[in-house]
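Working through the structure, step by step
Each chain, letter by letter, is given below.
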Amino acid sequence: DAGVTQSPTHLIKTRGQHVTLRCSPISGHKSVSWYQQVLGQGPQFIFQYYEKEERGRGNFPDRFSARQFPNYSSELNVNALLLGDSALYLCASSLRAGWTDTQYFGPGTRLTVL
Amino acid sequence: EDKVVQSPLSLVVHEGDTVTLNCSYEVTNFRSLLWYKQEKKAPTFLFMLTSSGIEKKSGRLSSILDKKELFSILNITATQTGDSAVYLCAVGGYQKVTFGTGTKLQVIP
C-alpha cells in the first residue's frame, strides 16, 4: 500500500503570493492533519480534518486555510505569503480524528518564500 | 497555553550506551503522549501512551508515562548509529496536538 503522499516536493514563491499544497492519505484513512515545521523546531499543528469537516485548528492566522475532499485527500492554502512562512509542511493521515490513532506522516513539502 | 518541553536538546553518545530522553508537559484535556523519530523529513511513530505507569517496549526502545508528574521518558538501550535522529515528543489534547522542539541524538561508533 502507498504511504501518505504530498505534492509538490519543493516550492519557491515570493512574498504576497498564494500557495496550495496537496496531500493524499493512506487508503482507508479518513483523517488528515497539517503541520508546519521550521528548521530546528518541532512541528506546529495547523489543522485536522475528518470526514471533510474541520476537527481541530492550531494558532495560525486566517491566511491559512484547508479543505478535505470526498476521497479524503486534502489541500492546504496559504495566502499573502510572508518570509516567515518558509518551512517544511507536513501532512499526516490516520484512521480517525484526534491523537489516539497512529498518525503516518508524508515526506513533506519544502516551501521557500523569497 | 499548552507546552511540551524536551530535554536534553542534544546528546552525543557512543554505540552501546543507554540514553534517556525526557518530555514534560502542561496540556489541558490530555488525551495521549506520542513519541516520534525524525531522521530526514517524515517523523515515524514510535509509541503512544495514555495510561500512567505502563511501559511500552519495542526492541531496544521503551517509554513510560507519569500523568501525576506530567512527564514521560524514552529509553534506548545498546544504542546504534542508526538511532541517530531527532526524537519528538507530542501531547494530544482536545482538538489539537502540541510538539516539543525535539532531542537531537547522535550516536558515534
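Here, every reference points to the structure presented above.
Right, let's walk through the structure included here.

Analysis parameters
- Residues numbered from 1 in each chain as written.
- Chains lettered and ligands numbered in written order.
- Predicted model: local features only at pLDDT ≥ 70, side-chain atom pairs only at ≥ 80, totals over all residues.
- Heavy atoms only, no water.
- Helix = DSSP H or I, 4+ residues; strand = E, 2+ residues; numbered from the N terminus.
- Rg over C-alpha atoms; globule rule 2.2 N^0.38 Å.
- Buried < 20%, exposed > 50% of the residue type's maximum accessible area, 1.4 Å probe, protein only.
- Contact = heavy atoms within 4.5 Å.
- Areas by Shrake-Rupley, 256 points an atom, 1.4 Å probe, with all protein chains shown as cover.
- Lys, Arg positive; Asp, Glu negative; His and termini not counted.
- Charge placed at Lys NZ, Arg CZ, Asp CG, Glu CD.
- Pairing = 2+ DSSP bridges.
- Axes fitted to C-alpha atoms, helices over the stretch in contact; angles between N-to-C directions.
- Salt bridge = Lys/Arg side-chain N within 4 Å of Asp/Glu carboxyl O.
- Phe/Tyr/Trp six-rings, centres within 6.5 Å; stacked < 30°, edge-to-face > 60°.
- Polar contact = N/O pair within 3.5 Å; in protein donor to acceptor, adjacent residues only side chain to side chain.

1. Describing the overall build of chain B
- Counting secondary structure elements, chain B contains zero helices and 11 strands.
- The C-alpha atoms of chain B give 13 Å as radius of gyration, which agrees with the globular expectation for 109 residues (13 Å, within 12%).
- Within the span of chain B, comprising 109 residues, buried residues form 44% of the whole.
- The contacts of chain B with a sequence gap of at least 6 include a subset with a gap of at least 24, amounting to 53%.
- Carbon and sulfur atoms make up 50% of the accessible area of chain B, which amounts to about 5,400 Å² in all.
- In chain B, 12 side chains carry a positive charge and 10 a negative one; their mean positions are 6 Å apart.

2. Some points on the sheet that holds strand β7 (residues 61–66) of chain B
Residue and element names in this part refer to chain B.
- A sheet is described by the order of its strands in space; here five strands give the open sequence β1-β3-β8-β7-β6, paired in antiparallel fashion. Pairing within the sheet leaves two strands with one partner each, and these edge strands are β1 (3–7) and β6 (56–58). Averaged over all pairs of adjacent strands, the angle between their axes in this sheet comes to 15 degrees, without regard to strand direction.
- Across three bridges, the pairing between β6 and β7 is antiparallel. Residue pairing in the sheet places K57 in a bridge with S62 of β7.

3. Some points on the environment of K41 of chain B
- Note that K41 of chain B resides in the loop between β4 (32–38) and β5 (44–49).
- For K41 of chain B, a relative accessible area of 25% corresponds to the partly exposed category.
- In sequence terms K41 of chain B and K96 of chain B are 55 residues apart; their C-alpha atoms lie 21 Å from each other.
- Once residues lying within four places of it in the same chain are set aside, the contact partners of K41 of chain B are T9, H10, L88, L90 and P107 of chain A.

4. Quick notes on the pairing of strand β7 (residues 64–68) of chain A
Residue and element names in this part refer to chain A.
- Of the two faces of β7, only the one carrying F64, A66 and Q68 is buried; S65 and R67 on the other face are not.
- Bridge count between β7 and strand β8 (residues 74–78): five bridges; the pairing is antiparallel. Bridge pairing links Q68 to S74 in β8.
- If you look at the hairpin formed by β7 and β8, you'll find five residues sitting between the two strands, and Y72 has a positive phi there, around 75 degrees.

5. Looking at the pattern of salt bridges
- All chains considered together, the criterion is met by nine salt bridges over all chains.
- Between R67 of chain A and E75 of chain A there is a salt bridge whose closest N-O contact spans 3.3 Å.
- Measuring nitrogen to oxygen at the nearest pair gives 4.0 Å for the salt bridge that ties E39 of chain B to K37 of chain B.
- Residue E39 of chain B is classed as exposed on the basis of its relative accessible area, which comes to 53%.
- Its relative accessible area of 14% is what places K37 of chain B among the buried residues.

6. Considering the packing of aromatic side chains
- The full count for this structure, using the stated rule, is 10 aromatic pairs over all chains.
- Centroid distance F47 of chain A to Y49 of chain A: 6.2 Å. Interplanar angle 55 degrees. Geometry classified as tilted.
- Ring pairs connect the aromatic residues Y35, F45, W99 and F105 of chain A together with Y36, F45 and F99 of chain B, which therefore count as one cluster.

7. Some thoughts on the side chain of S33 of chain A
Residues and elements named next belong to chain A.
- Among the secondary structure elements, S33 is positioned in strand β4 (residues 31–37).
- Residue classification places S33 among the buried residues on the basis of a relative accessible area of 0%.
- For S33, the side chain forms a polar contact with the side chain of Q48, separated by 3.0 Å.
- Of note is the side chain of S33, whose polar atom sits 3.1 Å from the side chain of Q103.
- The contact partners of S33, leaving out residues within four places of it in the chain, are F47, Q48, L90, C91, A92, W99 and Q103.

8. A look at the sheet that holds strand β3 (residues 19–24) of chain A
Residue and element names in this part refer to chain A.
- Strands sit in the order β1-β3-β8-β7 across an open sheet of four strands; the sheet is antiparallel. Each of the sheet's edge strands pairs with one partner strand only, and the pair in question is β1 (5–7) and β7. In this sheet, neighbouring strand axes are inclined to one another by 15 degrees on average, regardless of whether the strands run parallel or antiparallel.
- Bridge count between β1 and β3: three bridges; the pairing is antiparallel. Across the sheet, residue Q6 finds its bridge partner in β3, namely C23.

Everything listed is a geometric property; what it means functionally is a separate question.
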